[in-house]
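# Breakdown of the fold
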Amino acid sequence: MSVDPSLQRRTGSGRETAPIALADTREEDRRWRAMVAWVSQAYRAADGHAARFARSKLLRDPVFRHVLREGLIAPGATVLDVGCGQGLLATCLAAAADAKRRGGWPPGWAPAPAAARVIGFDLSARQLQRATVACQGATCLAQADMRTAVFPACDVVAFIDTLHYLPLADQEDVLQRAVDALRPGGALLLRVGDSSSP
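Scope of this entry: the structure provided in the associated data block. Note that this is a predicted model, so its numbers are computed, not measured.

Criteria and thresholds
Residues numbered from 1 in each chain as written. Predicted model: local features only at pLDDT ≥ 70, side-chain atom pairs only at ≥ 80, totals over all residues. Heavy atoms only, no water. 1 Å grid on protein atoms, 1.4 Å probe; cavity = no way out; pocket = protein on both sides within 12 Å on 5 of 7 lines; lining within 4 Å. Points joined across faces, edges and corners; volume = space filled by probe spheres on them. Helix = DSSP H or I, 4+ residues; strand = E, 2+ residues; numbered from the N terminus. Nonpolar A, V, L, I, M, F, W, Y, C, P; charged D, E, K, R; others polar. Phe/Tyr/Trp six-rings, centres within 6.5 Å; stacked < 30°, edge-to-face > 60°. Buried < 20%, exposed > 50% of the residue type's maximum accessible area, 1.4 Å probe, protein only. Lys NZ or Arg CZ within 6 Å of the ring centre and 35° of its normal. Arc of directions from axis to C-beta. Core = buried A, V, L, I, M, F, W, Y, C linked by side-chain atoms within 4.5 Å. Contact = heavy atoms within 4.5 Å. Patch = residues over 30% accessible without salt bridge, like charges linked within 9 Å, V, L, I, M, F, W, Y side chains within 5 Å. Areas by Shrake-Rupley, 256 points an atom, 1.4 Å probe, with all protein chains shown as cover. Salt bridge = Lys/Arg side-chain N within 4 Å of Asp/Glu carboxyl O. Polar contact = N/O pair within 3.5 Å; in protein donor to acceptor, adjacent residues only side chain to side chain.

## Topic: the layout of surface pockets
- Reported here for the largest pocket is a volume of approximately 530 Å³.
- Every residue lining the largest pocket is counted, 23 residues in all, and those nearest its centre are Gly83, Asp122, Ile160, Asp161 and Thr162.
- For the lining of the largest pocket, the secondary-structure elements that each account for two or more residues are helix 2 (48-60), helix 4 (88-101) and strand 2 (117-122).
- The residue inventory of the lining of the largest pocket, partitioned by class, reads 12 nonpolar, 5 polar and 6 charged.

## Focus on the packing of aromatic side chains
- By the definition in use, this model includes 3 aromatic pairs.
- Residues Trp32 and Trp109 carry aromatic rings whose centres are separated by 6.3 Å and whose planes lie at 40° to one another, so their mutual orientation is tilted. Here Trp32, found in helix 1 (residues 22-44), pairs with Trp109, found in the loop between helix 4 and strand 2; they are 77 residues apart in sequence, far enough to count as distant. A single burial state applies to Trp32 and to Trp109, both of which are buried.
- Ring centres of Trp105 and Trp109 lie 5.2 Å apart, and the angle between their planes is 90°; this geometry places the pair in the edge-to-face category. The residues Trp105 and Trp109 share a single accessibility class, namely buried.
- The rings of Trp32, Trp105 and Trp109 are connected pair by pair, giving a single aromatic cluster.
- The side chain of Arg177 reaches across the aromatic face of Phe151, ending 4.5 Å from its centre.

## Observations concerning helix 5 (residues 125-135)
- The complete set of buried residues in helix 5 reads Leu128, Arg130, Ala131, Ala134 and Cys135. Axial view of helix 5: buried residues confined to an arc of 155°, hence all on one face.

## Considering the nonpolar core
- In terms of nonpolar packing, the biggest core is built from 35 residues, with Phe64 and Ile73 touching the most fellow members.
- The set of elements that each furnish at least two residues to this core consists of helix 1, helix 2, helix 3 (63-69), helix 4, helix 5 and strand 4 (154-160).
- The biggest single contributor to this core is helix 4, with 8 residues.
- Dropping the residues within four chain positions of it, Ile73 is found in contact with Val67, Val79, Leu89, Leu93, Pro113, Ala116, Val156 and Leu189.

## Here's the deal with a nonpolar patch on the surface
- A surface patch of nonpolar side chains, amounting to about 290 Å² of accessible area, comprises Val179, Leu188, Leu190 and Val192.
- As for its placement among the helices and strands, Leu188 is situated in strand 5 (residues 182-191).
- For Leu188, a relative accessible area of 30% gives the class partly exposed.

## Here's the deal with the side chain of Asp61
- Relative to the helices and strands, Asp61 resides in the loop between helix 2 and helix 3.
- Exposure remark for Asp61: the relative accessible area of 10% places this residue in the buried category.
- From its side chain, Asp61 meets the backbone nitrogen of Val63 in a polar contact 3.1 Å long.
- Excluding residues within four positions of it along the chain, Asp61 makes contact with Asp161 and Arg191.

## With respect to the pattern of salt bridges
- Counting across every chain of the model gives 18 salt bridges.
- With a shortest N-O distance of 2.6 Å, Arg31 and Glu27 are connected by a salt bridge. In this pair, Arg31 and Glu27 both sit in helix 1, 4 residues apart, roughly one turn of the helix.
- Between Arg102 and Asp98 there is a salt bridge; the shortest N-O distance is 3.0 Å.
- Residue class for Arg102 comes out partly exposed when judged on its relative accessible area of 46%.
- Asp98 sits in the buried class, given a relative accessible area of 15%.
- Within the structure, one salt-bridge network assembled from shared partners comprises Glu28, Asp29, Arg65, Arg69 and Glu70.

This is the structure in structure tokens:
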């Protein structure tokens, strides 16, 4: 089996691990695509747009795959998804649990976040409706503004492409409330765009 030395993995702590064998990456891709298909199928009952968006987002945007591969959400964790949109993080976690159950979890990835519980907030009633259909009631969802919503105690708070929509002063307040909601050893997952860029 050939190994490309430029293919290195980084764990959540930044440590490099052994090079990835090319055959392993093909198998990992195959298993990831199976999870993406599972997620897309979950959205078909909501509407075609939601299913196409989920598939495209998961195949082109590495954040969700990275969260699962690196184990940034532990099995059994309570996750607060702030600005959850149509619930992609929740459906990815459900797909991961399904993959683990049927033996399709990629070898070499961190343990599957089975039994993770997601609480999601979003302003859009339409997006929450899509999330409700896709998650089949397995996720607690609420229409709420992150600036005023009460953040329950949790193990992970995720802001994926949402925080940058707020003015800086509001961001600082929301982040402090998120940190305050974390249980000891909890994690804050952020991916924030630059709102000043074109």
